[in-house]
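Take a look at the letters that make up each chain.
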Amino acid sequence: MTKPQSSSKDSATTREPVRQDERPLRRGLTLAAAFREFIRHPSPWLIGTTLVAALVARIIMGDWQSTDALVPAFMLAVFPVFEWIVHVTVLHWRPRQLGPIPIDSELARKHREHHVDPRNIPLIFIPTKTLSVLVVVLIAIATLAFPRLGLGLTFLLMITALGLGYEWTHYLIHTDYKPKGSLYRAVWRNHRHHHYKNEHYWFTVTTSGTADRLLGTYPDPATTETSPTARHLHSA
């Protein structure tokens, strides 16, 4: 049985401190100021530390082969689709009950809170507890799931670079930094449509609608209905 859950109460507990924290970000925000705020949060440090450790280990390991170029190329190609799948199936998960047991991940709960208050800075980032577990899983995959350790470290290096790029892009979109380049402007516009126009479309974050175009979630905003539940996912 589906059981919609409200996240407004949880979001309200941190709203006022965040509002005070955001005030400088609302007045002519520069890229440097945005970056200084970005590195105040745990997620960039956790991902960045893992990335640096993977890079150092990969250099020490050596054993460079052609597959060390193929793995990053493949990951770059499929990342927009992977990002789309995670956004649709994990972040927009509809809470369920299995008897007395709620089936609802921290990622989904925090993402609903993020839709309620898209300017709440801590809610922009991957939750620290979930990210910590994810880093351990990725390290295990890198060391156990590849035919040679060097290739696994290449995978770990690439996935953390993509993850850090995702966190920075997602964070920047939700600040008042004004898009300057056409590519970032397209990315910024797509994600803003997702939050403020209709939550059923525009699921990619780091690219300008690549997977959305492929998977049919890239409509014309001018002819798309404004959703009444964009801020409160799964509500009636």
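Residues numbered from 1 in each chain as written. Predicted model: local features only at pLDDT ≥ 70, side-chain atom pairs only at ≥ 80, totals over all residues. Heavy atoms only, no water.

## Looking at the overall build of the protein
Piece 1. In terms of helices and strands, the protein carries ten helices and two strands.
Piece 2. Helices and strands appear in the protein in the N-to-C order α-α-α-α-β-β-α-α-α-α-α-α.
Piece 3. Put simply, 67% of the contacts in the protein that link residues at least 6 apart link residues at least 24 apart.
Piece 4. Taken as a whole, the protein presents about 12,500 Å² of accessible surface, with 67% of it coming from carbon and sulfur. (Helix = DSSP H or I, 4+ residues; strand = E, 2+ residues; numbered from the N terminus. Contact = heavy atoms within 4.5 Å. Areas by Shrake-Rupley, 256 points an atom, 1.4 Å probe, with all protein chains shown as cover.)

## A word on the UniProt feature "transmembrane region" (unreviewed entry) in the protein
Piece 1. Following the UniProt record, the feature "transmembrane region" (unreviewed entry) maps to residues 45–61, 73–93, 121–146 and 152–173 here.
Piece 2. Annotated as residues 152–173, this span is 100% helix and 0% strand, and its ends, taken at the C-alpha atoms, are 32 Å apart. (UniProt positions renumbered as here; feature names shortened; annotations may be inferred.)

## Here we look at the environment of E167
Piece 1. Looking at the element boundaries, E167 is found in helix 8 (residues 149–173).
Piece 2. For E167 and F125, which are 42 residues apart along the polypeptide, the C-alpha to C-alpha distance reads 6.4 Å.
Piece 3. The contact partners of E167, leaving out residues within four places of it in the chain, are F38, S43, I47, I124, F125 and I126.

## Details of the side chain of R148
Piece 1. Within the secondary structure layout, R148 lies in the loop between helix 7 (128–144) and helix 8.
Piece 2. Side-chain polar atoms of R148 contact the side chain of D68, separated by 2.8 Å.
Piece 3. In this view, R148 contacts R58, D63, Q65, T67 and D68; residues no more than four positions away in its chain are not counted. (Polar contact = N/O pair within 3.5 Å; in protein donor to acceptor, adjacent residues only side chain to side chain.)

## As for helix 8
Piece 1. Taking 1.5 Å as the rise per residue, helix 8 with 25 residues should run 36 Å; its terminal C-alpha atoms sit 36 Å apart, in good agreement.
Piece 2. Burial within helix 8 is extensive, with 19 of its 25 residues counted as buried. (Expected span 1.5 Å × (residues − 1). Buried < 20%, exposed > 50% of the residue type's maximum accessible area, 1.4 Å probe, protein only.)

## Looking at unusual backbone geometry
Piece 1. In the Ramachandran plot, D63 falls in the positive-phi region, its phi being about 55° despite a non-glycine side chain.
Piece 2. Looking at the secondary structure, you find D63 in the loop between helix 3 (42–61) and helix 4 (67–91).
Piece 3. You will see that H234, though not glycine, has its phi angle at about 70°, which is positive.
Piece 4. Mapped onto the secondary structure, H234 falls in the segment after helix 10 (210–215).

## Structural notes on the packing of aromatic side chains
Piece 1. Evaluated as defined, the whole model comprises twelve aromatic pairs.
Piece 2. Here F146 and F155 contribute two aromatic rings whose centre-to-centre distance is 5.2 Å and whose plane-to-plane angle is 35°, an arrangement assigned as tilted.
Piece 3. By relative accessible area, which is 23% here, F146 ends up partly exposed.
Piece 4. Put simply, the rings of F35, F38, F125, W168 and Y171 touch in pairs and so form one group of aromatic residues.
Piece 5. Residue placement shows R58 over the ring face of W64; its charged tip is 3.8 Å from the ring centre.
Piece 6. Above the face of the Y218 ring, R213 is positioned so that its terminal group lies 4.0 Å from the ring centre. (Phe/Tyr/Trp six-rings, centres within 6.5 Å; stacked < 30°, edge-to-face > 60°. Lys NZ or Arg CZ within 6 Å of the ring centre and 35° of its normal.)

## Things to note about the nonpolar core
One recurring pattern in soluble globular proteins: nonpolar side chains tend to sit buried together.
Piece 1. In this structure, F125 and Y171 are the most contacted members of the largest nonpolar core, which totals 16 residues.
Piece 2. Taken together, the elements giving at least two residues each to this core come down to helix 2 (31–38), helix 6 (121–124), helix 8 and helix 9 (182–196).
Piece 3. Per-element tally for this core: the top contributor is helix 8, with four residues.
Piece 4. Non-local contacts of F125, meaning those with residues more than four positions away in its chain, are made with F38, H41, S43, P44, E167 and Y171. (Core = buried A, V, L, I, M, F, W, Y, C linked by side-chain atoms within 4.5 Å.)

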